[in-house]
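# Notes for the structure review
As a plain string of letters, each chain reads:
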Amino acid sequence: MITLNEHYFKLQASYLFSDIAARVTSFQKENPEIDVIKLGIGDVTKGLTPTSIAAFHKAVDEMADDATFRGYGPEQGYEFLREAIAVNDFQSRGADISSDEIFVSDGAKCDTGNFQELFTSDITIAIPDPVYPVYLDTNVMAGRTGEFADGRYRGVVYLESTRENNFVPDLPEDKVDLIYLCFPNNPTGSTISKTELKNWVDYARDHKALILFDAAYESFIRDDSLPKTIYEVEGAREVAVEFRSFSKNAGFTGTRCAYTVVPKECRAYDGKGNIQHIHSLWHRRHCTKFNGVSYPVQRAAEATYSEEGKKETRALVDYYMRNADAVCDTFRSLNYEFAGGENSPYIWIDGKRDSWEFFDMLLRETGVVCTPGGGFGKCGNQYIRISAFNSYENVQTAMTRLTEKLK
Ligand SMILES: *Cc1c(COP(=O)(O)O)cnc(C)c1O
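Residues numbered from 1 in each chain as written. Predicted model: local features only at pLDDT ≥ 70, side-chain atom pairs only at ≥ 80, totals over all residues. Heavy atoms only, no water.

## Re the site of the ligand
Inspection of the region around the ligand gives 15 residues, with D214, Y217, S247, K248 and R256 positioned closest. Backbone polar atom of A108 to an oxygen atom of the ligand: 2.8 Å apart, as the coordinates give it. Residue S247 places a side-chain N or O atom 2.6 Å away from an oxygen atom belonging to the ligand. About the coverage of the ligand: the protein hides 93% of its 380 Å² of free accessible area. Counting atoms within 2 Å of the grid points, the majority share of the ligand lands in the largest pocket. Put simply, the parts of the chain that give the shell around the ligand at least two residues each are α4 (108–114) and α7 (247–250). Its residues assigned to classes, the shell around the ligand comprises seven nonpolar, four polar and four charged. (Near = heavy atom within 4 Å. Polar contact = N/O pair within 3.5 Å; in protein donor to acceptor, adjacent residues only side chain to side chain. Areas by Shrake-Rupley, 256 points an atom, 1.4 Å probe, with all protein chains shown as cover. 1 Å grid on protein atoms, 1.4 Å probe; cavity = no way out; pocket = protein on both sides within 12 Å on 5 of 7 lines; lining within 4 Å. Sits in = over half its atoms within 2 Å of the grid points. Helix = DSSP H or I, 4+ residues; strand = E, 2+ residues; numbered from the N terminus. Nonpolar A, V, L, I, M, F, W, Y, C, P; charged D, E, K, R; others polar.)

## Concerning the pattern of salt bridges
Inspection of every chain in the model, using the stated rule, returns 32 salt bridges. The partner of D100 in a salt bridge is K264, with the nearest N and O atoms 2.8 Å apart. With D100 in the loop between α3 (79–90) and β2 (102–105) and K264 in the loop between β10 (258–261) and β11 (267–269), this residue pair connects regions lying 164 residues apart in the sequence. What emerges from the salt-bridge pattern is a single network uniting D89, E218, K228, E242 and R244. (Salt bridge = Lys/Arg side-chain N within 4 Å of Asp/Glu carboxyl O.)

## Remarks on the sheet that holds strand β17 (residues 383–387)
Paired through their backbone hydrogen bonds, the strands of a sheet run either parallel or antiparallel. Taken in spatial order, the four strands make up an open sheet running β13-β14-β17-β16, and their pairing is antiparallel. The open sheet terminates on both sides in strands that have one partner only, identified here as β13 (338–340) and β16 (371–372). Judged from the two bridges that link them, β16 and β17 form a sheet pairing that is antiparallel. Within the sheet, the bridge partner assigned to P372 lies in β17 and is I384. Sheet strands in contact with helix α11 (residues 355–366) are β16 and β17, and its direction is about 50 degrees off that of β17. (Pairing = 2+ DSSP bridges. Contact = heavy atoms within 4.5 Å. Axes fitted to C-alpha atoms, helices over the stretch in contact; angles between N-to-C directions.)

## Remarks on the domain arrangement of the protein chain
Domain boundaries assigned for the protein chain yield domain 1 (6–47 + 308–406) and domain 2 (53–306). Contacts between domain 1 and domain 2 engage 37 residues on the former and 46 residues on the latter. With both chains or domains summed, domain 1 and domain 2 bury close to 3400 Å², and 58% of this area falls on carbon and sulfur atoms. Taken together, domain 1 and domain 2 are joined by three salt bridges. In this structure, E337 and R163 form a salt bridge, with 3.1 Å as the shortest nitrogen-oxygen distance. (Domains from an automatic or database assignment. Buried area = accessible area lost by both parts, 1.4 Å probe.)

## Thoughts on the sheet that holds β10
The strand order β2-β10-β9-β8-β7-β3-β6 describes an open sheet built from seven strands, whose pairing is mixed. Looking at strand neighbours, the two that pair on one side only are β2 and β6 (157–160), the edges of this open sheet. Strand after strand, the sheet turns through a mean of 20 degrees between neighbouring axes, direction not considered. In the sheet, β2 pairs with β10 via four bridges, with the strands oriented antiparallel. Its bridge partner being in β10, I102 is matched across the sheet by V261.

## Here's the deal with empty space enclosed by the protein
Counted by the stated rule, this structure contains two cavities of 30 Å³ or more. Lining the largest cavity we find F183, P184, T191, I192, F213, I221, L226 and P227. Of the residues assigned to the lining of the largest cavity, the class counts are seven nonpolar, one polar and no charged. Here the second largest cavity defines a volume of roughly 30 Å³. Lining the second largest cavity are P128, S161, F167, P169, L181, C182, F183 and N185. Grouping the constituent residues of the lining of the second largest cavity by class yields six nonpolar, two polar and no charged. (Points joined across faces, edges and corners; volume = space filled by probe spheres on them.)

## A closer look at the packing of aromatic side chains
The tally for this structure, following the rule as stated, stands at 27 aromatic pairs. When the centroid spacing of 4.9 Å and the interplanar angle of 65 degrees are considered together, the rings of F148 and Y153 count as edge-to-face. Arranged with centres 4.8 Å apart and planes meeting at 85 degrees, the rings of Y320 and F389 form a pair that is edge-to-face. Residue Y320 is located in helix α10 (residues 307–333), and its partner F389 is located in the loop between β17 and α12 (392–406); the two are separated by 69 residues in the primary sequence. Ring-pair connections join several aromatic residues into one group, and the members of that group are F90, Y231, F246, F252, Y259 and Y305. For the cation-ring pair, R70 lies above Y78, with the distance from its terminal atom to the ring centre recorded as 5.1 Å. The ring of Y269 has K208 lying over it, and the distance from NZ or CZ to the ring centre is 5.1 Å. (Phe/Tyr/Trp six-rings, centres within 6.5 Å; stacked < 30°, edge-to-face > 60°. Lys NZ or Arg CZ within 6 Å of the ring centre and 35° of its normal.)

Next up, the structure:
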């Protein structure tokens, strides 16, 4: 008899984005004259940069010629891309990461979701609230949680991000084994200082724990005193894995390229309590289950590290950050409390009322779509997330409408 992994039955159907889409569609049907502006989804809106596209095209042409054609590449990614990543994203920041510690993949979503496979099902996991849902759901599927009750899964240690802690969770009181952190954060837009991040690294060292650090929004950091990678923190190589992506900085959400960093010293423990290195296990897993990102995509990603490519991706990020500034200015002048928007494309606004109620009001009265914070966890119940991913003109129009309504 073919039987099912019943842990899947515990999953809460994620109604968030489909619920939003349904409400927007029905609103549009009733109000066809209103031009709806979407500041809800976390997807980019601008095209790939000219340098990336040129490299992409050239590599596609190489694939058409027997002399330059490439078949299966290295599962871990081509050395040309891994070397560019190691030099530009890490060594340039004084972080000691080498190209053989980089694993190129088709997404940080898959990587953050897959990494938990390396560990036993009885470890204790610590997950932020509010959170990017992938970390939580993949652990539910793996059977690391109990049932869902009162808005939370039993057996999970929730790391609450609230105004009181400036949306940087406090260290857990109970001992945890696997810790998920994401900075700059989705959905709150908050950042973590080097000192605060050092506290987490020290916690992991003291408690034989591991940190999975999601840095998908690293390129939005404008304050140079903030850490751009966890490996800027002393002692992190032994206790942290980092996830990065070309999705948000270079517009690769539909092109697909990301990478995971697993330092050689990064460790976990076997059943006897002996130290084992994670690098070789992740390498084995990656090579067994994954056959590499396509060659043209890796060339397009490599191009983001050329002088011209860097300028273009910086301009892309600056474009969205100008939108973020406009959103922050608007809500500041309306006397709303908010986090994010300074080193992040997300602005997390305290609506001082139920997040779905605020969402509905904004849609009905202004035609602006945001994301209700309750969809990211209990701590998001009175917040909304506004995303800077849209055209500058649309953001301007949206902010004018919001000001009219909320002033
Ligand atoms: C967008 C995003 C990613 C990137 O995912 P990809 O699969 O690389 O597109 C990772 N983590 C968070 C928190 C994100 O918002």
